[in-house]
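Working through the structure, step by step
Given next are the chains, with one letter for each unit.
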Amino acid sequence: MCEYCGCQALEAIAELTREHDQVVALIGDVRAAHGRGDVTGMAATTRRIAAVLGPHTAVEEQGLFPALAADFGDHVDSLTEQHRHIESVLEEAAHATPTDPTWPDRLVAATHLLREHILAEQDGAFPAALSHLDPADWDAVEAVRQRVGSAPAALPTAG
């Protein structure tokens with residue numbers, strides 16, 4: 001992931017980046033399970049992705065994105081729409097393995113979008129935050145993190 005601008009020196013961005021790294025590893029597990037035809041494994045990994053993205057998305061949407069919206073409204077709107085789409089596909093596996101035969105391919109497509117989304121945040125939103133947010137904005141981001149908590153520290157990958 002990105003390390004060129006120095007934004008990861010800020011703990012808020014470093015934690016979001018760690019969560020991105022966890023999700024990228026889990027995306028690999030989804031793809032491997034898909035290759036094996038293991039829909040149950042895909043669903044289990046999807047729940048692990050959702051566990052990471054829950055607090056992560058809250059920090060972005062309730063802390064980081066509002067501070068960026070004035071200058072980067074269209075970009076923030078696009079990232080938020082992507083969150084909703086990805087969440088809708090992940091939610092289908094929240095309590096059980098989906099029986100819809102189109103779900104595995106829709107999940108793979110959603111994880112591809114998620115990977116591209118992560119790159120857009122790492123290379124766009126996070127560096128923009130470094131240069132546009134003031135200390136009060138960073139305090140707001142941290143307040144959201146304190147309220148929602150962190151993703152599980154270690155989510156082992158399958159297989």
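Preceding this paragraph is the structure being described.
Please read these numbers as outputs of a predicted model, since none were measured by experiment. (Residues numbered from 1 in each chain as written. Predicted model: local features only at pLDDT ≥ 70, side-chain atom pairs only at ≥ 80, totals over all residues. Heavy atoms only, no water.)

1. Observations concerning the nonpolar core
Our working definition: Residues grouped as a nonpolar core are buried Ala, Val, Leu, Ile, Met, Phe, Trp, Tyr and Cys residues, joined through side-chain atoms within 4.5 Å. Relative accessibility decides the category of a residue: with a 1.4 Å probe and only protein chains considered, values under 20% of the type maximum give buried, values over 50% give exposed, and everything between is partly exposed. By definition, any uninterrupted DSSP run of H or I lasting at least four residues is a helix, any uninterrupted run of E lasting at least two residues is a strand, and each is numbered from the N terminus. In this description, contact between two residues means that some pair of their heavy atoms is separated by no more than 4.5 Å.
Core analysis: the largest hydrophobic core is formed by 20 residues, its most contacted members being V23, I49, L53, W103, L107 and L114. Among the elements of the structure, α1 (11-36), α2 (39-91) and α3 (103-132) are those that each provide at least two residues to this core. Considering each element in turn, this core owes the most residues, eight residues, to α2. Discounting chain neighbours no more than four positions away, the residues touching V23 are I49, V52, L53, L114 and I118. Counting 17 residues, the second-largest nonpolar core is a separate cluster that includes V59, F65, A129 and V141.

2. A short note on the pattern of salt bridges
Basically, it comes down to this: Whenever Lys or Arg places a side-chain nitrogen within 4 Å of a carboxyl oxygen from Asp or Glu, that contact is recorded as a salt bridge.
In the structure shown here, the tally under the stated rule is eight salt bridges. In this structure, R36 and D38 form a salt bridge, with 3.4 Å as the shortest nitrogen-oxygen distance. With relative accessibility at 56%, the residue R36 sits in the exposed group. Residue D38 is classed as partly exposed on the basis of its relative accessible area of 26%. Taking the shortest distance from any N to any O, the salt bridge between R84 and E61 comes out at 3.0 Å. Given a relative accessible area of 37%, R84 falls into the partly exposed group. With a relative accessible area of 22%, E61 lands in the partly exposed category. One salt-bridge network, held together by shared partners, links E15, E19 and R145.

Take it as geometry only, folks, not as evidence of what the structure does.
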